[in-house]
Amino acid sequence: MAVRPVVATVQLGQCGNQLGLELHDTLLREAAASGDAAFLRDTQETFFRTTETTSSSQGKLVARAVLVDTEPKVVEGVMETARRSKGWQYDARNAYHQQGGAANNWSFGYKHLGPTVWSNVADMIRREFEAADMVGGVLLLGSLAGGTGSGVGTYVTEMLRSEYRKSLLLNGVVWPYSTGEVIVQNYNVCLSLSHVMQDTDGVIMIENDHIHDICTKLLHINHVTFSSMNSVISQHLANILLPSNRAVSVPLGGVSLTEPIRNFLDPVAHLCCHPSYKFLTLKTIPQMPSNTLAFCSNTWPSLLKHLRQMLIVNAHIDEAMDWSVQLPADRESGILTRMSSRVGARQPPTPQYQPPHHIVSVSNMLVLRGGQLSTADTVPFTHRALYAPWSFSPLLVSGNHWPLGGCDKTAALLSNSQAVAPSIDRVLSKALLMYDAKAYVHHYATHGIDDEAFTNAFMALEQALAHYKELSGST
Amino acid sequence: MPRELITLQVGQCGNQIGCKFWDLALHEHAANNAQATFQPSMSTFFRNVDAGGRDVGMPTGTAPIQFLKARALLVDMEQGVLDQVMKGHIGELFDGRQLISDVSGAGNNWARGFCHYGPKYHDTIMEKVRHAVEQCDSLQCFMLIHSLGGGTGSGVGTYVLQHLQDEFPNVYRFVTPVFPSEDDDVVTSPYNSILSLAQLIDHADCVLPLCNDALSEICAKVSTEEDKCRRSFSASAAQKSAGPQEVGKPWERMNMLAAQLLLDLTCSMRFEGPLNVDLNEVTMNMVPYPRMHFLISSLTGSIMNLRDTPAGGQPASHYYLRNMSQLFSDAFSRDYQLITADPKQDLYLASALLLRGDVDMADIRQNLARVQRGLRFVRWNPEGWKVGHCAVPPLNQPRSLLCIANNCCIADTFTELRARFMRLYKRKAHLHHYTEFVEQDHFEQSLRAVDDVIGLYDDARTSYGGDMAPPKRLQVVC
């Protein structure tokens, strides 16, 4: 049996810990629901380990996770919840928390608390790695709005990079609601992203606004809580983290599964091959309320057409999309004729009419889960106009026969594309507006983040943004 | 899960509010602790001690409560109030070592408090503070409760504040001062207020002022609403449970408001919730510039059980529940502000919403979007909110909302206090009582400090009150 590279998760702050709990639970639950022993075993080995069965107790399933927070309540609550109600638990030695909180202050988290946290947490991670035969990488989960996930998380990312140069690092970062959860959130987001993007292999951007929309508009959840949002986020991440096989297009149509992807974080390396492009977005389809799942039967052509349009127009939900935005004519691919017959007449580009801009990607990963993969035509996702001219083999397709989330077919798209640009742009604008008035900067200066540090952070993000915007110009 | 907070109640008013606070705190924790074990949440305010007064281990949630002692220091330069406290039903929460008292009082003279009693009791007070700090595992904050109009609360209170900063610079200092009303019967209250205010400007991290007039109006309003609800609910029920129309002295109800403010402010430190907010996050988000740390608070939801104290009688809240949109509307109305002010008419620098109990995110966001339209925010923080949600509701109510705002209208409150100060100062009235202890220049310095802060808020109104200018973007070359 091939050795499976493991993924250790570092859960940071309230958001990271609550999300991490839900994620581990979702991974295990979905893998068990597949009914396939190999699928379950692969999932368990990657994200969990089994403690030894002794004369007094059964071996238990323990998450390969480290829980970090700067205040005690959440870590203790999460550990207790796992222990009491789930079929798995956290290792009690892998929890570290302080008392005072990070005060929503990135500089306090990064400069002041980070070193103490790392000195305690480094051993926990080392222990997890030593317990594994092969290390795939580390998944860090946390929000960007506060002080722990953002500030401490940045420091931990940097330390992980310097200690484990060859391991893959993936940061799953939760963006706060744009209408505000924390007043200084825009500073914290900018400072985090500008630092983390230098050391990480990829940043998956999860936006509360988007998840909230999915909950209300697609899942029809009346009372959206952070708990319901964490379930949705976990479902999305499960799409790309559960076992899958590489898939290739076959001449007769559809895709055929080939060898298994062993290190689940490998696709990250594929997507973020260029150091200037590290930000990823995740879109999944379909998103349906659980009570309608049984009545729904989707086809791959329909799902993939909608998902492709979500990519093209940067929609986070499959609803009220702008179908008039289409890719420029490409005679070689001949795809457009099929697309344009769908809605209205495609207008030829004239000097007066400029077609609305579509999202250009560096690379994409498409994950298909469910049956009838021979009907899944992924060729439209290889359209040249979707990618920067210097991207080669920009599309990775993977899949698995086992469906996810009670839905007979699901497709997920992990994208390194311009889809990240509007959010980064918005956060940068708001941060600069606040910085212009020098509001709150004295709190950051107390812990060593001065004007120069702010300017460097803004500059780094502007550069990242410029790189992404440039992708359009070059097509 | 120790995350302690030490309360310092100074002066008559400070101690009266403080006692109401301890009473409510006990009831709040009791309501959430059916097994009477020493919960981690209790360690913020209380210690669990044995008969010898020694701490009983770390709070794990399983150890039974033996004797509770409050993490508090009670200071007064007269003995009347402290004696009453010790004889009352919460007297057991304190042992003699937590009290510092004298006999003569400070004569409603800030300078006597600050320059005579402060230094006289410096060593005693600081030693007791240090003792209380040593009993903490991870002290988060000092909470000073006092009034500004008298002599002890204002003078001794601000004296201690200064020394807390010197000796424990990393521990946050939150202050809930009671501002005197216009018709306060202490003639020298304007002097005491301005002199104290100057100290709060320099030495406090966060100040949540209270005003007797506002508190009294809120109490009257809530009582009227409760009466209406009771009458409409059931005539017979109203007859059974209503006592005399005036239940409890007015001061008691006003003190309960102040006490509830402190409980709602710290609930997230103690109890779990989907979106925790610590006190250091309040300072971080609510204080955009140094010295502009004066926050206006409004309480809705949790105050609806004023009529009956939890100790006896039917909770009046049974008849008077507010839903989310009512809570939000009330929170921004001038009627529920804890000082006499109308923040809606002025410019908001920052605002925090701390919700308790049965609320959901969608409701919060919807109501936020609705109220925001009627408010003016600084141009560099057009939608800046700090939101917290604690799962545990307040006593006898399903939900509540504490709104804390950094709003320029506080400058008007200061200006009004300043005007009262000047009316006395121009004529040098009663000045000789003070110059016995301080140089007259101290008055000038204090006035300048207050003027500076008024200036900061005025500047904010003019510079940041207009429309958003687009931010300067950095030009980059790829």
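Look up: the structure comes first, before these words.
Since the structure is predicted, the reported quantities are computational estimates derived from the model, not experimental observations. (Residues numbered from 1 in each chain as written. Chains lettered and ligands numbered in written order. Predicted model: local features only at pLDDT ≥ 70, side-chain atom pairs only at ≥ 80, totals over all residues. Heavy atoms only, no water.)

## Some points on helix H1 (residues 13-33) of chain A
Over its 21 residues, H1(A) extends 30 Å from the first C-alpha to the last, a length consistent with the 30 Å expected when each residue adds 1.5 Å. Burial within H1(A) is extensive, with 16 of its 21 residues counted as buried. (Helix = DSSP H or I, 4+ residues; strand = E, 2+ residues; numbered from the N terminus. Expected span 1.5 Å × (residues − 1). Buried < 20%, exposed > 50% of the residue type's maximum accessible area, 1.4 Å probe, protein only.)

## Here's the deal with the environment of Asp436(A)
Within the element layout of this structure, Asp436(A) appears in helix H13 (residues 421-436). In this structure the C-alpha to C-alpha distance between Asp436(A) and Arg83(A), which are 353 residues apart in sequence, comes to 48 Å.

## Topic: the sheet that holds strand E14 (residues 409-417) of chain A
Residue and element names in this part refer to chain A. Pairing is mixed in the open sheet, where twelve strands are placed in the order E5-E4-E1-E6-E7-E8-E11-E14-E12-E13-E9-E10. Each edge of the open sheet is held by one strand with a lone partner, namely strand E5 (95-97) and strand E10 (255-260). Strand after strand, the sheet turns through a mean of 25° between neighbouring axes, direction not considered. Taken together, the two bridges between strand E9 (residues 245-249) and strand E13 (residues 395-400) define a ladder with antiparallel strand orientation. In the sheet register, Asn-245 faces E13, and the bridge partner there is Gly-399. With respect to the sheet, helix H6 (residues 185-199) is in contact with strand E7 (168-175), strand E8 (202-207) and strand E11 (279-285), its orientation differing from that of E7 by roughly 165°. (Pairing = 2+ DSSP bridges. Axes fitted to C-alpha atoms, helices over the stretch in contact; angles between N-to-C directions. Contact = heavy atoms within 4.5 Å.)

## Quick look at the nonpolar core
Tyr187(A), Phe279(A), Trp22(B), Phe94(B), Phe142(B), Phe294(B) and Trp380(B) are the most contacted members of the largest nonpolar core, which totals 208 residues. Ranked by residue count, the leading element in this core is helix H4 (residues 106-130) of chain A, at eleven residues. Setting aside anything within four residues of it in sequence, one finds Phe94(B) in contact with Trp22(B), Lys69(B), Ala70(B), Ala72(B), Leu74(B), Val85(B), Met86(B) and Leu99(B). Core analysis: the next-biggest nonpolar cluster, separate from the first, contains 79 residues, Leu27(A), Trp88(A), Val359(B) and Met361(B) among them. (Core = buried A, V, L, I, M, F, W, Y, C linked by side-chain atoms within 4.5 Å.)

## Notes on the packing of aromatic side chains
Residue and element names in this part refer to chain B. Under the criterion given, the structure shown has 42 aromatic pairs over all chains. Here Tyr-191 and Phe-421 contribute two aromatic rings whose centre-to-centre distance is 5.5 Å and whose plane-to-plane angle is 75°, an arrangement assigned as edge-to-face. Of this pair, Tyr-191 sits in helix H6 (residues 189-203) while Phe-421 is found in helix H13 (residues 410-426), placing the two residues 230 residues apart along the sequence. The same class applies to Tyr-191 and to Phe-421, which are both buried. Just above the ring of Tyr-425 sits the side chain of Lys-428; from NZ or CZ to the centre is 5.1 Å. (Phe/Tyr/Trp six-rings, centres within 6.5 Å; stacked < 30°, edge-to-face > 60°. Lys NZ or Arg CZ within 6 Å of the ring centre and 35° of its normal.)

All we've got here are geometric facts, nothing functional implied.
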